Amino acid sequence: MIKWWVNIVFLVFFSLFQISCGSRGERNPNHLIYWSSNNTQEIEFARYIVNGWNKKNPSETVSFQPVPEGQSSEEIILAAVVGKTTPDIYSNMWQGDVEDYAHAGVLVALDTLKGFKDFIYSRCDSNVVKEVTSPDGHIYQVPWKINPIMLMYNKKIIHHLGLKNPPQTYSQFDSASEKFKDENIDKDGYVDRWFGYSEVLVTWWQRFFDFYPLYLAASGGAPLVKDYKAAFDNEYAVEVFSFLRNLYANDYFAKERLSTRQDIFLSGTIATRFTGPWEISHANKFKPKGFEFNFTHMPVPDNHKGPVYTYCDPKNIVIFKTCPNAQLAWDFIKNMIEEKNDLMFLKMTNQIPRRKNLETDSLFSDYFKDNPKMIEFARQAKYVKGTDPYPNLTEVFDIISQEYEACVIYGKKSPQKAIDDAAKQVNLLYMK
Amino acid sequence: MNINSKKIVPYFLVSPYIIYFLIFIAFPVVFSVVLTFHKWNIISPMQYTGLTNYVHLIHDEFFLKSLGNTLIFLVIHIPLQIIIALFLAEILNQHIKFRGFFRAAFFLPVIVSGVVVTILWQQLYGFDTGLLNRILIFLGLGRVGWLVNPSMAMPSIAIMATWKNVGLYIILFLVGLQTVPKNYYEAADLEGATHWQKFKSITLPMINPTIFMVVVLSTIGGFSLFIEPYIMTGGGPLNSTLSAVLYIYKQGFFYYHMGYSATLGLFFAVLILGVVMFQKKFIEKDK
């Protein structure tokens, strides 16, 4: 009798043990697993690529799935790394995370693979290659797609304010803001419409849409972090803080959160916003009749000379070390990002492939003729930056964000003091 | 069934819970304690750091600030909640018209998702366009920076949390009120006691256990303040709504400081336990 119960208990525990200790076992080196982003357009693109590849290479196949649903794809990838259930190829890795994973030793150094360097130099500018090269000299990511942050503006409002062009410099932006405010003060004396809006939360990545692109624009693409030290304690960062602080102090930008309401740009509550090309399809779909918009570069200091850079929100492709055949994975990636597939990606997703000469390449010209607003982003793509190849960037942006809130939104600190304090904290962070 | 199987069967029957307890409660607690002596960012191997996390905790001004913010929330939220809940429970315990409707109506916010309530109140609290400020302007008063003024943001969240949770405590108080024997009130009526005297001398002492339960539940609920500041303010303005739990979450899941986050969590759990024990002693002594 006892034996019967003991057998059942043993069976239950043994099954649990088997489940918890289960592994993928020996992987077939001729079959790879690829995770894409989970937005609809990119899923379709990934399916198109994988189907094409599998048809051409029936003995070296790839199976694909979008990154599993979660609060964020970053969290899912982290969980997969911890659980050793990473895919072989992942194509939606934020550039700023790569260095942390590279430090943890979970990514394949791509420059060790045959044909990688030649291909990457033929696809990207040397600046881009430099940007994605880690301090240890290796490259762990393939620069793939970008969404440059630019100034989106309501054309009718700009014309109504008597401006021929959207504001390009800080003083033009201030003066347009002042005019807009004068026209929109209510009878009650309060402002209900603003020239622009940027999210006022201190969440670190919100600074990708205000401080960071403005800093890159003002400084000509200078780094935030260099040699494990803050590199932003300079006149450009102070100027950006001063410019933004002025916008809030004068009620040109709203201090309250407006992002949970209906689209404030399309409803005319704001005249401009700092955003990326994903807005185009959204705006075209939901804009009211007669609404016109366009994009221009980020505002720069009045004495700015040279090209205007911006942040490009780069998402790159990586190969995890769990991959049983890294060379095959690279061959698949190479196929995925070759010129004609980049065109297909552009058509299907309206995101910019990170390749040189995009706007002048004849292969892409028909697309830009059909999508004239995207040409602004293609032009801007020559002057973009991602993030610096250093770990702990989340904390760096969080430190900046804390000082941003104190200085820019609430005016509790001078711009110089806020930047100095942020730089000190970042230096301390990298000393630990 | 022989004597040995009689001994084993009960263990077998409770084994599902024991397995659950070991995997999902005991192991995480023990692992958290181990983590407090380590530095770990999840993807790299753990590094033993001794008491470094505890030393950091003592000097961490943001954590102290978050504790202060949580205390502000508790000081506003708990008394407000108890007073309003008790007052409404007392009314809803009378034979008033539409009593059932009002009881259901006050309970409704409790079952609405916290995220939905938070977004709704965010609209109401809007500085430039929110309904509350529109009403104030209509009345000829100035606007209030409900969520944009650092000294107003936490009280605003406390008011919202009170509105959200008060229905639950009304129900608890109603249960307490209905256990008070009616003959006590009848005796008091014969002595000519006023309503206030009856409330003070009969109702309050008789529902003391309910008050204790409400205080403990509110305290624990208040200490775990997270959704509201996470969604409404992100901990701002100027960290004035950075609650302790939000700070612990940020340390763990924004920066992946798992060891430090576990240290904060452990300290916070001990703190809550201490406060609840103190409340128990204080209220029981008072009784």
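Residues numbered from 1 in each chain as written. Chains lettered and ligands numbered in written order. Predicted model: local features only at pLDDT ≥ 70, side-chain atom pairs only at ≥ 80, totals over all residues.

Engineer: Explanation requested: the overall build of chain B in the structure shown.
Structural biologist: Within chain B one finds 13 helices and 2 strands. The dimensions of chain B, computed from C-alpha atoms along their principal axes, are 75 × 70 × 35 Å. At a minimum sequence separation of 6, the contacts of chain B that also span at least 24 residues come to 68%. (Helix = DSSP H or I, 4+ residues; strand = E, 2+ residues; numbered from the N terminus. Contact = placed C-beta atoms within 7 Å.)

Engineer: Looking at this structure, I do not really get the overall build of chain A. What am I missing?
Structural biologist: Secondary structure summary: chain A contains 17 helices and 14 strands in total. Its C-alpha atoms give chain A a radius of gyration of 24 Å, near enough to 22 Å, the size a compact globule of 432 residues would have. Considering only C-alpha atoms, chain A reaches an extent of 85 × 55 × 45 Å along its principal axes. For chain A, the proportion of its 432 residues judged to be buried stands at 45%. Sequence separation of 24 or more characterises 76% of the internal contacts of chain A that already satisfy a separation of 6 or more. (Rg over C-alpha atoms; globule rule 2.2 N^0.38 Å. Buried ≥ 20, exposed ≤ 12 C-beta atoms within 10 Å, placed from the backbone.)

Engineer: How do you make sense of the sheet that holds strand E12 (residues 315–319) of chain A when you look at a structure like this?
Structural biologist: Backbone hydrogen bonds hold the strands of a sheet together, and the pairing may be parallel or antiparallel. Residue and element names in this part refer to chain A. Sheet architecture is open: 6 strands sit in the order E2-E1-E3-E12-E4-E13, paired in mixed fashion. In this open sheet, the two edge strands, each paired with only one partner strand, are strand E2 (61–66) and strand E13 (352–353). Pairing analysis gives 6 bridges linking strand E1 (residues 31–36) to E2, with the strands arranged parallel. Paired with Trp35 across the strands is Gln65, a residue of E2. Strand contacts of helix H2 (residues 40–56): E1 and E2, with the helix running at about 170° to E2, the strand carrying the most contacts. Contacts from helix H12 (residues 326–336) reach E1, E2, strand E3 (89–94), strand E4 (142–146) and E12 within the one sheet, and its direction differs from that of E12 by about 150°. (Pairing = 2+ DSSP bridges. Axes fitted to C-alpha atoms, helices over the stretch in contact; angles between N-to-C directions.)

Engineer: Mind showing me how you'd approach the confidence of the model for chain B here?
Structural biologist: Note that predicted coordinates carrying low pLDDT should not be read in detail. Taken as a whole, chain B shows an average pLDDT of 90; of its residues, 97% reach a score of 70 or greater. The ipTM, which scores confidence in the relative placement of chains, is 0.77 for this predicted complex, and the corresponding pTM is 0.84. (pLDDT = per-residue confidence, 0-100.)

Engineer: What am I meant to see in the environment of Pro143 of chain A here?
Structural biologist: All names here are of chain A. Tracing the backbone shows Pro143 in strand E4. The class for Pro143 is buried, based on 25 C-beta atoms found within 10 Å. In sequence terms Pro143 and Leu363 are 220 residues apart; their C-alpha atoms lie 20 Å from each other. Not counting residues up to four positions away in its chain, the partners in contact with Pro143 are Cys124, Val128, Val132, Pro314, Asn316 and Arg354.

Engineer: What is the right way to look at the nonpolar core in this model?
Structural biologist: Most often, soluble globular proteins keep nonpolar side chains buried together rather than apart. If you look at the biggest cluster of nonpolar residues, it comprises 128 residues, and the most contacted ones within it are Tyr215, Val240, Ile319 and Ala329 of chain A. Top element by residues in this core is helix H16 (residues 393–409) of chain A. It accounts for 10 residues. Three or more residues apiece are contributed to this core by two domains, here domain 1 (26–140 + 315–353) and domain 2 (150–311 + 389–431) of chain A. When near neighbours in sequence (up to four residues on either side) are disregarded, Ile319 of chain A contacts Asp88, Ile89, Leu107, Val108, Leu110, Ala326, Ala329 and Trp330 of chain A. Counting 28 residues, the second-largest nonpolar core is a separate cluster that includes Phe73, Tyr125, Ala244 and Val245 of chain B. (Core = buried A, V, L, I, M, F, W, Y, C linked by C-beta atoms within 7 Å. Domains from an automatic or database assignment.)

Engineer: Help me understand the interface of chain B and chain A in this model?
Structural biologist: Interfaces are often sized by the accessible area lost when the parts come together. On the chain A side, the residues contacting the 26 residues of chain B number 31 residues. When residues of the side of chain B that touches chain A are traced back to their parent elements, those giving at least two are helix H1 (3–35) and helix H5 (114–124) of chain B. Counting residues per element, the side of chain B that touches chain A draws most heavily on H1 of chain B, which supplies 4 residues. Residue classes in the side of chain B that touches chain A are distributed as 14 nonpolar, 10 polar and 2 charged. (Nonpolar A, V, L, I, M, F, W, Y, C, P; charged D, E, K, R; others polar.)

Engineer: Help me out: how do you make sense of the sheet that holds strand E10 (residues 293–296) of chain A in this one?
Structural biologist: All names here are of chain A. The 4 strands lie next to each other as E6-E9-E5-E10, forming an open sheet whose pairing is mixed. The open sheet has two edge strands, strand E6 (194–197) and E10, and neither has a second partner. Taking each pair of neighbouring strands and ignoring which way they run, the sheet shows an average axis angle of 25°.

Engineer: Any chance you could explain the pairing of strand E5 (residues 150–154) of chain A here in plain terms?
Structural biologist: The two faces of a sheet get side chains in turn, since along a regular strand they alternate between them. Residue and element names in this part refer to chain A. The element E5 is largely enclosed, with a buried count of 5 among its 5 residues. Across 4 bridges, E5 lies against strand E9 (residues 270–275) in antiparallel orientation. Following the sheet pairing, Leu151 is matched in E9 by Phe274. Sheet topology places E5 next to E10; 4 bridges connect them, and they run antiparallel. Paired with Leu151 across the strands is Thr296, a residue of E10.

Engineer: Hey, could you run me through the packing of helix H13 (residues 339–349) of chain A against helix H14 (residues 362–370) of chain A in this one?
Structural biologist: Two quantities define a packed helix pair, namely the angle between the helix axes and the distance between the axes. Residue and element names in this part refer to chain A. The geometry of H13 relative to H14 is characterised by a closest axis approach of 10 Å and an angle of 10° between their N-to-C directions. Regarding the angle of H13 to H14, the classification is roughly parallel. Counted together, Glu339, Leu343, Leu346 and Lys347 of H13 and Leu363, Phe364 and Tyr367 of H14 form the full contact between these two elements. Class assignment for the residues of the contact of H13 with H14 results in 5 nonpolar, no polar and 2 charged. (Parallel < 35°, antiparallel > 145°, perpendicular 65-115°, else oblique.)

Engineer: What's the story with the domain arrangement of chain A in this structure? I'm lost.
Structural biologist: Residue and element names in this part refer to chain A. Taken as a whole, chain A is organised into domain 1 (26–140 + 315–353) and domain 2 (150–311 + 389–431). Computed from C-alpha coordinates alone, the two centres of domain 1 and domain 2 are separated by 32 Å. The partner domain 2 presents 7 residues to the 11 residues of domain 1 that form the contact. Among the elements that take part in the side of domain 1 that touches domain 2, helix H4 (residues 95–103) stands out by supplying 4 residues, more than any other.

Engineer: Sorry if this is basic, but what is going on with the environment of Thr296 of chain A here?
Structural biologist: In this fold, Thr296 of chain A is placed in strand E10. Every residue in contact with Thr296 of chain A, bar those within four places of it in the chain, is listed here: Met150, Leu151, Tyr153, Pro166 and Gln168 of chain A.

Engineer: Explain unusual backbone geometry here, please?
Structural biologist: The phi angle of most residues is negative, glycine excepted, and most peptide bonds adopt the trans form. Residue Pro237 of chain B follows Gly236 of chain B across a cis peptide bond; omega there is -5°. Along the chain, Pro237 of chain B turns up in the loop between helix H11 (227–232) and helix H12 (244–253). For Asn392 of chain A, which is not a glycine, the phi torsion comes out positive at approximately 60°. Position of Asn392 of chain A relative to the elements: it lies in the loop between strand E14 (384–385) and H16.

Engineer: Got a minute to help me understand the packing of helix H10 (residues 235–249) of chain A against helix H17 (residues 415–431) of chain A in this structure?
Structural biologist: All names here are of chain A. Where H10 contacts H17, the two axes come as close as 9 Å, and the packing angle between them is 130°. Taken together, the axes of H10 and H17 lie oblique to each other. For the pair H10 and H17, the crossing hand works out as right-handed. Of H17, the residues touching H10 (which contributes Ala237, Val238, Phe241, Ser242 and Arg245) are Pro415, Gln416, Ala418 and Ile419. Each residue belonging to the contact of H10 with H17 can be placed in one class, and the counts come to 6 nonpolar, 2 polar and 1 charged. (Left-handed = near helix turned anticlockwise from the far one by under 90°.)

Engineer: Would you explain the environment of Tyr190 of chain A in this entry?
Structural biologist: Along the chain, Tyr190 of chain A falls in the loop between helix H8 (170–184) and E6. Residues contacting Tyr190 of chain A, with those up to four places away along its chain left out, are Asp128 and Arg143 of chain B.

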